[in-house]
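# What the coordinates show
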Amino acid sequence: MEKSEVKARVVNVITSILEIEEALVTDEANFIFDLGADSMQSLQLVAGFEEEFDIEMDEDKALDVQTVGHAVDFIAEYL
Amino acid sequence: MEYRNLTNNEIVNLVKQGCYCNDWSLIQVPDAFNTDNIHQARFEGKIKLGLLKNSPSGSSGIYSSFIKDCEIGDKVYISQVGKLEGYVIEEEVVIENVSSLTVEGETSFGNGIEVEVLNEGGGRELLLFDQLSAQIAYMMVTYRHEQKMIGQLEKLIQRYSDNISSSKGKIESGCRIRNVRTVKNVNFGPEVRVSGAQLLEEGSIVSCIEDPTIIGDGVIAKNFIIHSGSRVDSGVILDKCFVGQGVRIGKQFSAENSVFFANCEGFHGEAVSLFAGPYTVTHHKSSLLIAGMFSFFNAGSGTNQSNHMYKLGPVHQGILERGSKTGSFSYLLWPSRIGAFSVVMGKHSANFDTSDFPFSYITVEDGKSTLTPAMNLFTVGTKRDTEKWPNRDRREDPHKLDLIRFELFSPYIVGKMIRGSEILQTLYDHASKKQKYVKFKGISILRLLLKTCRKYYQIGLKKYLGEQLLDKLELGTFKNLTELRSYLKPNKSGLGDWVDLGGLLAPQEVIYQIVQDLKNERIKDIEQLQSRLKTVYNNYEIYAWSWYADLLERETGIQLEHITTEQIQELLMLWKVNSLKLNNMILKDAEKEFDQNSTIGYGVDGDEAINKADFSTVRGSYEENKFVQSLRAENEEIEKRANRLIELFENELV
């Protein structure tokens, strides 16, 4: 899968779970500090990515992911 | 000790010293009696006086007091007591500046008093007595379907209370009772310290040399038992309450129809019909615990529950299983039941049952009560709590009443994790991807999280499967595989569901047997019941091992009596990987305590550098944090322990 497609789908998951404008979802945006994700939403994001891409991410490594760009790279490794 | 009447000389001396008695012939004294330290005393009724000589350990004597129908031991000091009536006072007791300390008529000193615990509307009445444990209380309060057993238990407790009943009270050796207003029908155990209490009525203060009980300023207590090592002070009001061993109640806390077992703490707030199992803690004003059963619980400020909706009265009840917490201003509507080690946040106006889902977050999302199963499995709080409880056991009394198991991953909890996993799988299989939520027993779960939360339970389960074996292997000695298999072979006790019997984790079938034996009157007295429960406590490891062996076979097909070295290595590897994973997730959670959001409000008048400097001065750094360091050290230890045994089975034991 092309990275651009991964990114588009990642952005889609983020905007839907966090209920935020797409414009805020930049590569550098930090899920917690910039996008306002709380602990519960962080779990939902992990679950959302897994469902969107039909993958199973490593639980503790997934919690290391802090920015949108990192999430795209991390998910790409599973595809 | 031999007693005699007072001599004429002694009576003359006593009268010279301002003493008065309308019938001196009713006073008996030992041979070596001396009148020197008795001044301004008025005696009435039958009196026995001990040797009231000063000793290096303190003054003794009777000064400015009215004594009626009492036996007073050696080296006792009584001063400024308005009325002291009906007591047997043992040696080296001090009673000073007390308005009234009396026994009036026949009393059982708080034993046998009926208390409406858990359900304020009644139906679960518990009989208080000074040998009550969390386990006996649990059986009596929650096993109401076993009416014959309840009747038998009541009979045993009543018989015990009748044996205590007397028209004479006891103040046992070494007690200090000072500056107290009114005491009526209260027994005092050895070394009790009472200072400044206002009113104590119909009760027993149990105590021991190893763990004295302290009652402090302004306490008003009626119909109570207060146990060894406890401290009740600072304006506390108790009515119909049992205060167990090592409990702290203070700062104007008030409680009625409530029981507090080992190591509970209650400050500021209020308790009504509360079953506070071991380690129930409520510290804040505006916190009400009502009609609920709790244990290993921490109440956030403003915690509240409703047990009626102005319909048939206060008839509802609730349970928060062990290890749960409520956040600030959380509200629960009874009846509800919260699974073990869960966190409740927000205001919940629905009735739900999450007992199949330990380690959950219960929050309000989109206006709905929402369950996130297993989320609390990898939080710092859970890890810290389970480590701190055993270290905070304050009880020094050699006779510990409550039988408490502290294990986090016990058959009770793991059984629930398995059940929770199965339910999540079923809900996932039946949910449509269009659904945002699924509903289970009155609470919503985000559909998206069904699979994820199930995975978290599985991490815990895998850790458990390896850890039990690892612990057992480390404890054993075996030369070859045959010896090892024999060592690992379980018996068949402890299978099936487990229960948390007021802090005692036990197989349900074993408790059921005790219930049957009570019903059939094979348990004849309280002592026998305590002994049976103690045996269950002592057999925990045996039962837990059998349960584990059965689970291992069901989950992996491995039978311990036929286990191979390869299978052992696989299980150890499973433990290592999942223990590290879980700890790493906890470390990530701990990291949040040091992130950018945590620094808000630090360095109040400065720039970013000052903000950081202030934060690191006050809070330290993540890297230096003791908890973080200990968890990292634990990770290293996990690697070492697993690798050592894996190597052993690779090279030596084949």
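Residues numbered from 1 in each chain as written. Chains lettered and ligands numbered in written order. Predicted model: local features only at pLDDT ≥ 70, side-chain atom pairs only at ≥ 80, totals over all residues.

Before going further, it helps to spend a moment on the overall build of chain B. Counting its secondary structure elements, chain B contains 13 helices and 41 strands. In terms of principal-axis extent, the alpha carbons of chain B reach across some 95 × 70 × 55 Å. For chain B, the residues scored as buried account for 46% of the 654 residues in total. Sequence separation of at least 24 residues holds for 44% of the intrachain contacts in chain B that already meet a minimum separation of 6. (Helix = DSSP H or I, 4+ residues; strand = E, 2+ residues; numbered from the N terminus. Buried ≥ 20, exposed ≤ 12 C-beta atoms within 10 Å, placed from the backbone. Contact = placed C-beta atoms within 7 Å.)

Residues and elements named next belong to chain A. Axis separation between helix α1 (residues 3–18) and helix α2 (residues 39–53) bottoms out at 10 Å; the angle between their running directions is 140°. Considering their axes alone, α1 and α2 lie oblique with respect to each other. Both α1 and α2 take part in a crossing whose hand is right-handed. Contacts between α1 and α2 involve Arg9, Val10, Val13, Ile14, Ile17 and Leu18 from the former and Gln41, Gln44, Leu45, Gly48, Phe49 and Glu52 from the latter. A per-class count over the contact of α1 with α2 returns seven nonpolar, three polar and two charged. (Axes fitted to C-alpha atoms, helices over the stretch in contact; angles between N-to-C directions. Parallel < 35°, antiparallel > 145°, perpendicular 65-115°, else oblique. Left-handed = near helix turned anticlockwise from the far one by under 90°. Nonpolar A, V, L, I, M, F, W, Y, C, P; charged D, E, K, R; others polar.)

Across the boundary between the two partners, chain B contributes 18 residues, which contact twelve residues of chain A. Elements supplying a minimum of two residues to the side of chain B that touches chain A: β36 (361–365), α6 (449–475) and α11 (565–591) of chain B. Take the side of chain B that touches chain A: its biggest share by element is five residues, from α6(B). Here the side of chain B that touches chain A is built from residues that sort into seven nonpolar, six polar and five charged.

Bringing the packing of α11(B) against helix α13 (residues 626–651) of chain B into the picture now. Residue and element names in this part refer to chain B. Their axes nearest at 10 Å, the elements α11 and α13 cross at an angle of 170°. Classified by the interaxial angle, the pair formed by α11 and α13 is roughly antiparallel. Classifying every residue of the contact of α11 with α13 by side-chain character gives 16 nonpolar, five polar and three charged.

Secondary-structure assignment places Gly381(B) in helix α4 (residues 380–391). Residues Gly381(B) and Asn163(B) lie 218 residues apart in sequence; the distance between their C-alpha atoms is 46 Å.

Turning our eyes to something else, we now look at α1(A). Residue and element names in this part refer to chain A. With 16 residues, α1 extends 22 Å from end C-alpha to end C-alpha; this agrees with the ideal 22 Å at 1.5 Å per step. All buried positions along α1 are accounted for by Val6, Val10, Val13, Ile14 and Ile17. Looking straight down α1, one finds that the buried residues subtend no more than 95° of arc, so they occupy a single side. Across from the buried face of α1, at angles greater than 90 degrees, the exposed residues are Ser4, Glu5, Ala8 and Ser16. Looking at the buried positions of α1, the neighbouring elements they touch are α2 and α4 (68–78). Looking at the residues trailing α1, positive phi occurs at Glu19, about 55°. (Expected span 1.5 Å × (residues − 1). Arc of directions from axis to C-beta.)

What follows concerns unusual backbone geometry. Residues and elements named next belong to chain B. Cis geometry marks the peptide bond from Trp334 to Pro335, where omega comes out at 0°. By the element assignment, Pro335 lies in the loop between β33 (331–333) and β34 (336–338). In this model, Ser64 sits at a positive phi of 45°, which is unusual for a non-glycine residue. Tracing the sequence through the fold places Ser64 in strand β6 (residues 61–68).

A few words now on helix α3 (residues 147–164) of chain B. Structurally, the α-helix is built with 3.6 residues per turn, so residues lying three or four positions apart point the same way. Residue and element names in this part refer to chain B. Between its first and last C-alpha atoms α3 spans 26 Å; for 18 residues at 1.5 Å apiece the expected length is 26 Å, and the two agree. Taken together, the buried positions of α3 are occupied by Met149, Ile150, Gln152, Leu153, Leu156, Ile157 and Tyr160. Down the axis of α3, the smallest arc covering the buried residues is 165°, so these residues share one side. Away from the buried face of α3 by more than 90 degrees, exposed residues Gln147, Gly151, Lys155 and Asp162 are located.

This paragraph deals with the nonpolar core. All names here are of chain B. Counting residues in each nonpolar core, the largest one holds 196 residues, and the members touching the most others are Ala137, Val243 and Val259. The element that contributes the greatest number of residues to this core is α6, accounting for eleven residues. With residues near it in sequence (within four places) discarded, Ala137 still touches Leu126, Leu132, Val259, Phe275 and Gly502. (Core = buried A, V, L, I, M, F, W, Y, C linked by C-beta atoms within 7 Å.)

The next thing to look at is the pairing of strand β8 (residues 77–85) of chain B. Residues and elements named next belong to chain B. Strand direction decides the pairing type here: β6 and β8, joined by five bridges, are parallel. Note that in β8 the partner of Tyr63 across the bridge is Ser79. Of the pairings in the sheet, the one linking β8 to strand β10 (residues 94–102) comprises seven bridges and is parallel in character. Within the sheet, the bridge partner assigned to Lys83 lies in β10 and is Ser100. (Pairing = 2+ DSSP bridges.)

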